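Each chain, letter by letter, is given below.
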Amino acid sequence: VQLQASGGGSVQAGDSLRLSCQVSGRSFRAYTLAWFRQAPGEEREFLAAFRPTSSNPHYADSVKGRFTISRDNAKNTVYLQMINLRPEDTADYSCAAGTPILSTMRFPYQYTYWGQGTQVTVSS
């Protein structure tokens, strides 16, 4: 499975960005697809995910209401729409694929496949 993330950039506080993650190599619907981010000196943080057997997304409390995960099955792509960005959202954003159970979805080690990160920088 290969994942290719894109869409990062440098924005002002309050702006919006949409990240994309193109998935190839195996069945798009076979995996939980998740977004994580990592700021310098910080641990990797779970943001949002779709489980393969559910259309209901899961979010970290820290981004609920500002970030929206969605997917286009025809394009094998998962998106992360981010609104009202804040300087503390500055990080390297990555997408991942794996088969975690529901209770372990937030843990990076549960994901087998990772795309390269895309940098998001939010200035005040």
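A short tour of the structure in this document, coming up. All values reported here derive from a predicted model rather than from experimental measurement.

Reading the values: rules and limits
- Residues numbered from 1 in each chain as written.
- Predicted model: local features only at pLDDT ≥ 70, side-chain atom pairs only at ≥ 80, totals over all residues.
- Heavy atoms only, no water.
- Disulfide = S-S within 2.5 Å.
- Helix = DSSP H or I, 4+ residues; strand = E, 2+ residues; numbered from the N terminus.
- Buried < 20%, exposed > 50% of the residue type's maximum accessible area, 1.4 Å probe, protein only.
- Pairing = 2+ DSSP bridges.
- Core = buried A, V, L, I, M, F, W, Y, C linked by side-chain atoms within 4.5 Å.
- Contact = heavy atoms within 4.5 Å.

Considering the state of the cysteines
- By the definition in use, this model includes 1 disulfide.
- The disulfide bridge from Cys21 ends at Cys95, spanning 2.1 Å between sulfur atoms. Disulfide Cys21 to Cys95: torsion about the S-S bond roughly 75°, handedness right-handed. In this pair, Cys21 is assigned in strand S3 (residues 17-24) and Cys95 in strand S9 (residues 91-98), connecting sequence segments 74 residues apart.
- Using a relative accessible area of 1% as the deciding quantity, one classes Cys21 as buried.

Re the environment of Arg26
- Along the polypeptide, Arg26 turns up in the loop between S3 and strand S4 (32-38).
- For the pair Arg26 and Val1, spaced 25 residues apart in sequence, the C-alpha to C-alpha distance is 5.6 Å.

Looking at the pairing of strand S1 (residues 2-6)
- Every second residue of S1 is oriented toward a common face, the buried set being Leu3 and Ala5 and the non-buried set Gln2, Gln4 and Ser6.
- As paired strands, S1 and S3 are joined by 5 bridges and run antiparallel to one another. In the strand pairing of S3, Leu3 is matched with Val23.

Overview of the nonpolar core
- Trp35, Phe46, Phe67, Leu80, Met82, Tyr93 and Tyr111 are the most contacted members of the largest nonpolar core, which has 36 residues in total.
- Secondary structure elements with two or more residues in this core: S1, S3, S4, strand S5 (45-50), strand S7 (67-72), strand S8 (77-82), S9 and strand S11 (118-123).
- In contact with Phe67, not counting residues within four places along its chain, are Arg37, Leu47, Tyr59, Leu80, Gln81, Met82, Ile83, Leu85, Asp89 and Tyr93.

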